[in-house]
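Structural description and commentary
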Amino acid sequence: MENFVLKSCTESEHVVEFGSGDGSPVINSLLRTNFHGVIRGFELNTSAWKVANSTIDEYNLAHKYVIYNSSLFDASKPEAKYLVANPPYLPAPDNDIYMPLLFGGIDGAKFTNELLLLGYDNALLLISSYSNPKGTIEYAKANGYFVNNFLVLPLKFGYYSSEPKVKKHIAELQKNQMAFYSGDYYFLAGVLFKKRQYCTVDLSNELAQIMTSL
Ligand SMILES: C[S@@+](CC[C@H](N)C(=O)[O-])C[C@H]1O[C@@H](n2cnc3c(N)ncnc32)[C@H](O)[C@@H]1O
């Protein structure tokens, strides 16, 4: 977030965020950078939204970070140079799981792909290797994006991704080359997608190779 978005914003640019949660990733980044624009976040979970607002007040960031307790998809596309999101990406047969708001559709990539369809010039999205990463990379390309940059981290399956119903579904996806993991570990990538008219570099193949390597 800091390196791919905030430090690239030299003027008072606008950023839109889908799924702010308790706001901590953005708040921590704002406290570490000299960003002069405004970030507009959207979060459906009312408890998380309240926590985010109280932390925003505590650090006097209300002029830089505003969160709405609603879905970005119900708003009339707010203007912004960047879209950022750690979207819900748990794949499952349906949303009857421990935390329904983390359900990412049958292949886990539903929200990620819908966010790419909004057509922002730059989109920084977190993508999991068990949520049909190849499908998302191809979808981004079909919608005019290049992969401008990315960072990959190995992560251990957590409480929500280890729910038996979810884990079993992920194992099924693995058989169909739609999920890639090794034992208890998967990859999570922060990917900066850029509309190809603003970008000469395309690391789509490199990202696909890494995300399918487990
Ligand atoms: C993976 S969490 C990310 C939370 C936080 N941004 C972070 O990185 O820690 C995804 C968030 O998206 C929220 N969410 C799910 N569907 C949403 C929607 N349609 N509109 C806004 N937020 C949504 C969930 O409640 C959850 O807080």
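Data block above holds the structure.
Reference entry: report on the structure contained in this document. Here the residue numbering is sequential within each chain, running from 1 through the sequence in written order. In keeping with the model being predicted, local features are shown solely for residues with a pLDDT of at least 70 and side-chain atom pairs are shown and tallied solely at 80 or more, while totals for entire chains, interfaces and linings include all residues.

**Quick notes on the overall build of the chain**
Spelled out, the test is: To qualify as a helix, a DSSP run of H or I must reach at least 4 residues; to qualify as a strand, a run of E must reach at least 2; elements of each kind are numbered from the N terminus. In this scheme the burial state of a residue depends on its C-beta neighbours within 10 Å: 20 or more other such atoms mean buried, 12 or fewer mean exposed, and anything in between means partly exposed; the C-beta positions come from the backbone. A pair of residues counts as a contact when their C-beta atoms, built from backbone coordinates, are separated by no more than 7 Å.
A tally of helices and strands in the chain yields 6 helices and 8 strands. Written out in order from the N terminus, the α and β elements of the chain read β-α-β-α-β-β-α-β-α-β-α-β-β-α. Across its three principal directions, the C-alpha atoms of the chain cover 50 × 40 × 30 Å. For the chain, with 214 residues in total, the buried portion stands at 39%. Within the chain, residue pairs in contact and separated by at least 24 positions form 77% of the contacts whose partners lie at least 6 positions apart.

**Points about unusual backbone geometry**
With phi around 55°, Asn 60 is a residue other than glycine that occupies positive phi space. Classification of Asn 60 as exposed rests on a count of 8 C-beta atoms within 10 Å.

**Concerning the environment of Leu 203**
With respect to the helices, strands and loops of the structure, Leu 203 is situated in the loop between strand S8 (185-195) and helix H6 (204-211). Along the sequence, Leu 203 and Leu 192 sit 11 residues apart, while their C-alpha atoms lie 10.0 Å from each other. Apart from residues no more than four positions distant in its own chain, Leu 203 is found in contact with Val 147, Asn 149 and Phe 150.

**Brief notes about the pairing of strand S3 (residues 65-68)**
Our working definition: Pairing between two strands requires that DSSP report at least two bridges joining them. Whether a crossover is right-handed comes down to one check: with the strands pointing away from the viewer, does the path from the first strand over the helix to the second run clockwise; if it does, it is right-handed.
Residues of S3 alternate between two faces, with Tyr 65 and Ile 67 buried on one and Val 66 and Tyr 68 left unburied on the opposite face. As defined by bridge partners, strand S2 (residues 38-42) adjoins S3 across 4 bridges and the pair is classed as parallel. Looking at S3, one finds that Arg 40 is bridged to Val 66. Crossover connection from S2 via helix H2 (residues 46-58) to parallel S3: handedness right-handed.

**A short note on the nonpolar core**
Put simply, the rule is: The term nonpolar core means buried Ala, Val, Leu, Ile, Met, Phe, Trp, Tyr and Cys residues held together as one set by C-beta atoms within 7 Å.
The biggest cluster of nonpolar side chains holds 57 residues, and the ones touching the most others in it are Leu 83, Val 191 and Phe 193. Among the elements that make up this core, the one with the highest residue count is S8 (6 residues). Beyond its immediate sequence surroundings of up to four residues, Phe 193 is in contact with Leu 116, Ala 123, Leu 125, Ala 140, Tyr 145, Val 147 and Asn 148.

**With respect to the packing of helix H4 (residues 133-142) against H6**
Keep this limit in mind: All axes are obtained by fitting lines to C-alpha atoms, using only the stretch in contact for helices, and the reported angles, taken between N-to-C directions, cover 0 to 180 degrees. When describing relative orientation, an angle under 35 degrees is termed roughly parallel and one over 145 degrees roughly antiparallel, while 65 to 115 degrees is termed roughly perpendicular and anything else oblique. Ten residue types, Ala, Val, Leu, Ile, Met, Phe, Trp, Tyr, Cys and Pro, are classed as nonpolar, four, Asp, Glu, Lys and Arg, as charged, and the remainder, Gly among them, as polar.
Running from N to C, H4 and H6 point in directions that differ by 170°, and their axes come no closer than 9 Å. Taken as axis vectors, H4 and H6 run roughly antiparallel relative to one another. Seen from H4, the contacting residues are Pro 133, Lys 134, Ile 137 and Lys 141; seen from H6, they are Ser 204, Leu 207, Ala 208 and Met 211. When grouped by side-chain class, the residues that make up the contact of H4 with H6 number 5 nonpolar, 1 polar and 2 charged.

**Structural notes on the environment of Glu 13**
In this structure, Glu 13 sits in the segment before strand S1 (14-18). C-alpha separation for the pair Glu 13 and Phe 35, spaced 22 residues apart in sequence, amounts to 8.8 Å. Look past the residues within four positions of Glu 13 in its chain and what remains in contact with it is Gly 37 and Lys 81.

**A closer look at the environment of Pro 87**
Topologically, Pro 87 is positioned in the loop between strand S4 (82-85) and helix H3 (110-117). On the basis of neighbour counts, which here come to 21 C-beta atoms within 10 Å, the residue Pro 87 falls in the buried class. A C-alpha to C-alpha distance of 9.2 Å links Pro 87 and Lys 110, two positions 23 residues apart in sequence.

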